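Here is what each chain is made of, one letter per residue.
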Amino acid sequence: MPDRTTIPDIKDAVDFNLTLKPCDKYALTNGAPVYAVNAGAEEVLQLEFVFFAGNCFEEKNTVAAATNYLLKNGTRTKNAFSINEHFEYYGAYLNRACYSEHATITLHCLSKHLNVLLPVVKEILTEAIFPEEELEIFKQNCKQRLSVNLQKCDFIANRLIDQKLYGADHPYGKFSSMEDYEALHTDDLKKFYADHYVNGKAILFAAGKLPADFATQLNNFFGELNINQPANIPQNVSLPATEKKSRINNDPNGVQGAIRIARSFPGRYHPDFKKVMVLNNLLGGFFGSRLMANIREEKGYTYGIHSFIQNHVQDTAWVISTEAGKDVCEATIDETYKEMKLLRDTLVDEEELLLVKNYMMGLNLGDLDGPFQIIARWKNLILNNLDEKYFYDSMNDIKNISAAEIKDLANKYLVPEQFFELVVI
Amino acid sequence: MVEFKKFTLGNGLRVIVHEDKSTPMAVLDVMYDVGSRDEDPAQTGFAHLFEHLMFGGSINIPSYDEPLQMAGGENNAYTTNDLTNYYIQLPAENLETAFWLESDRMLSLAFGDKSLAVQRKVVSEEFREHYLNKPYGEVWHKMRELAYTVHPYRWMTIGKELSHIENAKLADVKSFFHKHYTPSNAVMCVAGNITFDQVKELSEKWFGNIPAGEKYERRLPEEPKQTRPHHLEIKAKVPLDALYKCWHIYSRLDKRYYTTDLITDILSGGGSSRLFQSLVKEKKLFSNIECYHFGSVDAGLIAIEGKLVKGIKMEAAEKAILEELDKMKTEEISEAELQKVKNKTESLIAFEDVSLMNRANSLATYELLGDADLMNKELAHYQAVTAAEIRQESRNIFDENNCSTLYYYSEN
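## Quick word on the overall build of chain B
When helices and strands are tallied, chain B shows 15 helices and 11 strands. Considered along the principal axes of its C-alpha atoms, chain B spans approximately 65 × 50 × 35 Å. Within chain B, the proportion of its 412 residues that are buried is 51%.

Written out as structure tokens, the structure is:
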């Protein structure tokens, strides 16, 4: 009979020396940078074009997202159906997404099919035409989806907390309304496309099992495009709301409230940022966090409560987010502040701190496994103008942060008066 | 091709080992052959509630999560109508911690009133968050009841109603554990940077002396063949009318499962799929439409659901769906279209197998179905499907007498 009462010997993950595997870096003829991780056992690859075409570049709400979405809905020689059919015939996926600074187009495919897919990717990046009818369908479907989302307390809460943190005109704080969709015009999209895609700035990220002539293929199709123009991300100033606390009743029959407790927080360049990641984990960053232990596992007020730092390039925010029973929303908020106070007043004990560190290092070890994860790390560094030193500094901060530093950071940032507080029922 | 070896312990626990030396991690996946289909109709939601209680500490280990986090690991679990799966990923050096934790909770739980009281509340909030407090959240509760008359698939994994969870008693929980959480009712897959010998030794050490328990014999009522259309109309506080239809299909191990799976890809799932192109893009009747099936072990359902464009009549929208299904029944699809959905499947499988966790999970799932090696035969099954079979199965399945339809109207 084995000894079931003692944990088997473990190797502390905090003692691991994690490495970020290198990625190849080169440039196309036009100077557009390419980052590539050529690895993996499966015959698959991912190729992502990151354009500086996020919503911070738009002059009219929702134009950046609409342009990005409708890129593949018609070119000079192909309609939306035949473009989709082409990718789908080869079992490939061409996804796109629009964020605040960047907008992406991502191809996932079996490596053997890359050569028949790239010509159509090129066509989309150079000859998209944004047909009137496609835009009308898009507008109608977006409005319908919005009407459903407006009945969800979490959706409303996410929009409002961003608006309070950054202001309604800030790229991180603005959101799309029915009127914004209604006002979209194909001319807006065509102009945005010309200014930010056809003549834009792109960075390419690739990972997976790449064909031997991958760099040549990329250069043949994209090396002559005008996608290495200077792009200056506009500096936007946050205009936080003055009223810190709000309670909103969106649904008279609602049985839960969406709670958001959030404060503005400096970006990645701030010296506290990396260390605060450890404090955040302790507070609400994982299943064993203080908030989960108290509010879910002790009180049963919620299915889950989480805290996180928003992934923004510029200013950012520290957010605590949960959906809790309607009758226990206020109690949930009180308990959240109690947990902040505990972190401000009492040193975290060494055992708990080691646990968080080990957990974070173990998670990082798993997250650095495989080409898609490795390129995701590199992408995050590069789009934030950072390099691998930042990665290694982050690992060192996890390993070395002390209980006293944690307490200092809690006193500096976990101050209830600095938080916005929002409940949407 | 995913390589693996397997062995069975004396107490009946089946163990699958998948070595992958390219990763620093290990995965330990324990899958129990119990899901919400094994519940008493008066006590639904139990399998899932029980999954929560499995984290409340076991006989020798008061806290499950903390030692695992200390070992740099993370874990989660899910319950379906068919099975309950618990999985851990951690640095391979600390594999034994995973064995220690999982074996102790298979041995016996530390049942406590406090843990039950809290998890009843947590699961009730999960119920509210996902099914009560969301527009259209109740729909599949209604649809399952409409489609099934006797089979326990007629309730959702979360439970038929909140009261079943709120009334759960400790004695019921205990008997559920003893009935289902036995070695012979489970499959374990260990994957990653480990060796077969190491897994064999650790399995014997930690799981070998757990009593075999009584093998649970599943005797579920078989759903009789549906012989007339089922129809329901509901008015709800939602902004848009929505239409739901579902038809009975085959069990997971039936050869026709693969044909059915490809039918869903022909109809939906991509920008060039039939329902999207015809009903969203050309006729503009729906703002979104999907076709999917539930992948359940016993005979399941294939479903089509969509939200109607404002101003479109339910009957007109339904008629357009039926016209598309008629084409499936009368015209053979082209070789190119068939090849398209096969290629999509090939690609999907390749991408899924990139993740170690997915591989471990799939091996355990297939072993529970009968043989882990089914995983490596899947693609060949899909590639063997013919256009004639697609047409034949469309005829068999898309029959109004086999169909349940819900008109979900907006009150606004």
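## Quick look at the overall build of chain A
Scanning chain A from terminus to terminus reveals 15 helices and 11 strands. Dimensions of chain A, computed from C-alpha atoms along their principal axes, come out at roughly 65 × 55 × 45 Å. For chain A, with 425 residues in total, the buried portion stands at 46%. Within chain A, contacts between residues at least 6 apart in sequence are counted, and of these 80% link residues at least 24 apart.

## As for the sheet that holds strand β4 (residues 93-98) of chain A
Spatial ordering of the open sheet is given by β1-β2-β6-β3-β5-β4 (chain A), a layout of 6 strands whose pairing is mixed. Of all the strands in the sheet, the pair left with one neighbour each is β1 (24-27) and β4 of chain A. Across the sheet, the axes of successive neighbouring strands diverge by a mean angle of 15 degrees, strand direction being ignored. Along the sheet, helix α12 (residues 335-352) of chain B makes contact with β3 (44-51) and β5 (103-110) of chain A, crossing β5(A) at roughly 105 degrees.

## Let's talk about the environment of P266(A)
Residue and element names in this part refer to chain A. Mapped onto the elements, P266 comes out in the loop between β8 (256-265) and α9 (273-285). Through-space distance from the C-alpha of P266 to that of Q314 is 8.0 Å; in sequence the pair is 48 residues apart. Beyond its immediate stretch of four places on either side in the chain, P266 contacts F273 and D315.

## Notes on the nonpolar core
Core analysis: the biggest nonpolar cluster contains 175 residues, and A262(A) and V190(B) have the highest contact counts within it. Those residues in contact with V190(B) that lie beyond four places of it in its chain are V15(B), V17(B), A26(B), L28(B) and V199(B). Grouped together as the second largest cluster of nonpolar side chains are 69 residues, V37(A), F51(A), A92(A) and C109(A) included.

## Quick word on the pairing of β3(A)
Residue and element names in this part refer to chain A. Burial analysis of β3 places 8 of its 8 residues in the buried class, which makes it a mostly covered element. Every second residue of β3 is oriented toward a common face, with V44, Q46, E48 and V50 on one face and L45, L47, F49 and F51 on the other, all of them buried. The pairing of β3 with β5 spans 8 bridges and is antiparallel. What sits directly across from L47, in β5, is L107. Pairing between β3 and strand β6 (residues 202-208): 7 bridges, direction antiparallel. Across the sheet, residue F49 finds its bridge partner in β6, namely L204.

## What to know about the domain arrangement of chain A
All names here are of chain A. The assigned domain composition of chain A is domain 1 (24-222) and domain 2 (245-424). Taking only C-alpha atoms, the centre of domain 1 and the centre of domain 2 are 30 Å apart. Contributions of two or more residues to the side of domain 1 that touches domain 2 are made by β2 (33-38), β3, α5 (153-166) and β6. Looking at which element gives the most residues to the side of domain 1 that touches domain 2, the answer is α5, with 8 residues. Within the side of domain 1 that touches domain 2, the residues separate by chemical class into 14 nonpolar, 6 polar and 3 charged.

## Considerations on unusual backbone geometry
At F130(A), a residue that is not glycine, the phi angle is positive and equals roughly 50 degrees. Classification of F130(A) by C-beta neighbours within 10 Å gives buried; the count is 22. Positioned with a positive phi, Y136(B) is a non-glycine residue whose angle comes to about 70 degrees. Locating Y136(B) in the fold gives a position in the loop between α4 (113-132) and α5 (139-147). Of the residues examined, Y136(B) has 17 C-beta atoms within 10 Å and is grouped as partly exposed.

## Comments concerning the interface of chain A and chain B
Listed as interface residues are 62 residues of chain A and, on the opposing side, 59 residues of chain B. Broken down by secondary-structure element, the contributors of at least two residues to the side of chain A that touches chain B are α2 (80-89), β5, α4 (132-149), α10 (290-298), β9 (302-309), β10 (316-325) and α12 (350-367) of chain A. In terms of residues, the side of chain A that touches chain B owes the most to one element, α12(A), which gives 8 residues. Classifying every residue of the side of chain A that touches chain B by side-chain character gives 28 nonpolar, 21 polar and 13 charged.

## Considering the confidence of the model for chain B
As a note on interpretation, predicted positions should not be read in detail where pLDDT is low. Summing up the model confidence of chain B, the mean pLDDT is 95 and the portion of residues at 70 or higher is 100%. Interface confidence in the predicted complex, given as ipTM, is 0.92; pTM for the same model is 0.94.

## Details of the domain arrangement of chain B
Residue and element names in this part refer to chain B. Considered domain by domain, chain B is made up of domain 1 (5-207) and domain 2 (230-410). Each of domain 1 and domain 2 has a C-alpha centre, and the two are 29 Å apart. Opposite the 31 residues of domain 1 that make contact, domain 2 presents 25 residues. Of all the secondary-structure elements, those providing two or more residues to the side of domain 1 that touches domain 2 are β2 (14-19), β3 (25-32), β5 (84-91), α5 and β6 (186-192). Sort the elements by how many residues they give to the side of domain 1 that touches domain 2 and α5 lands first, with 5 residues. Its residues assigned to classes, the side of domain 1 that touches domain 2 shows 16 nonpolar, 7 polar and 8 charged.

## With respect to the packing of helix α9 (residues 256-267) of chain B against helix α15 (residues 387-397) of chain B
Residue and element names in this part refer to chain B. In contact at an axis separation of 10 Å, α9 and α15 are set at 90 degrees when each is read in the N-to-C sense. Between α9 and α15, the angle falls in the class roughly perpendicular. Residues R256, T259, T260, L262 and I263 of α9 form the contact with α15, whose own contacting residues are E389, I390, E393, S394 and I397. Tallied by class, the residues present in the contact of α9 with α15 amount to 4 nonpolar, 3 polar and 3 charged.

## Thoughts on the packing of helix α10 (residues 274-282) of chain B against helix α11 (residues 314-330) of chain B
Residue and element names in this part refer to chain B. As a packed pair, α10 and α11 sit with axes 11 Å apart at the nearest point and diverge in direction by 145 degrees. As α10 packs across α11, the resulting crossing turns out to be right-handed. Between α10, through R274, L275, S278 and L279, and α11, the contact on the second element is made entirely by A320, I321 and E324. Here the contact of α10 with α11 is composed, by residue class, of 4 nonpolar, 1 polar and 2 charged.

## A word on α9(A)
Residues and elements named next belong to chain A. Counted at 1.5 Å a residue, the expected span for α9 with its 13 residues is 18 Å, but the 15 Å between its end C-alpha atoms falls short. The principal kink in α9, of about 30 degrees, is found at L279. In terms of burial, α9 is largely enclosed, as 10 of its 13 residues are buried. Along α9, the positions that sit buried rather than exposed are K275, V276, V278, L279, N280, N281, L282, L283, G284 and G285.

## Structural notes on the sheet that holds strand β9 (residues 286-293) of chain B
The strands that make up a sheet pair up through hydrogen bonds in the backbone, lying either parallel or antiparallel. Residue and element names in this part refer to chain B. Taken together, the 5 strands give an open sheet; going across it, the order is β7-β11-β8-β10-β9, and neighbouring strands pair in mixed fashion. Only two strands of the sheet have a single partner each, and these edge strands are β7 (230-236) and β9. For this sheet the average axis-to-axis angle between neighbouring strands, irrespective of direction, equals 10 degrees. In terms of strand pairing, strand β8 (residues 242-248) meets strand β11 (residues 403-410) through 6 bridges, oriented antiparallel. Bridge pairing in β11 links Y244 to L406. Sheet contacts for α9: β9 and β10 (301-308); angle to β9, the most-contacted strand, approximately 170 degrees.

Cut-offs and rules
Residues numbered from 1 in each chain as written. Chains lettered and ligands numbered in written order. Predicted model: local features only at pLDDT ≥ 70, side-chain atom pairs only at ≥ 80, totals over all residues. Helix = DSSP H or I, 4+ residues; strand = E, 2+ residues; numbered from the N terminus. Buried ≥ 20, exposed ≤ 12 C-beta atoms within 10 Å, placed from the backbone. Contact = placed C-beta atoms within 7 Å. Pairing = 2+ DSSP bridges. Axes fitted to C-alpha atoms, helices over the stretch in contact; angles between N-to-C directions. Core = buried A, V, L, I, M, F, W, Y, C linked by C-beta atoms within 7 Å. Domains from an automatic or database assignment. Nonpolar A, V, L, I, M, F, W, Y, C, P; charged D, E, K, R; others polar. pLDDT = per-residue confidence, 0-100. Parallel < 35°, antiparallel > 145°, perpendicular 65-115°, else oblique. Left-handed = near helix turned anticlockwise from the far one by under 90°. Expected span 1.5 Å × (residues − 1). Bend = angle between axes of the 7 residues up to and from the residue.

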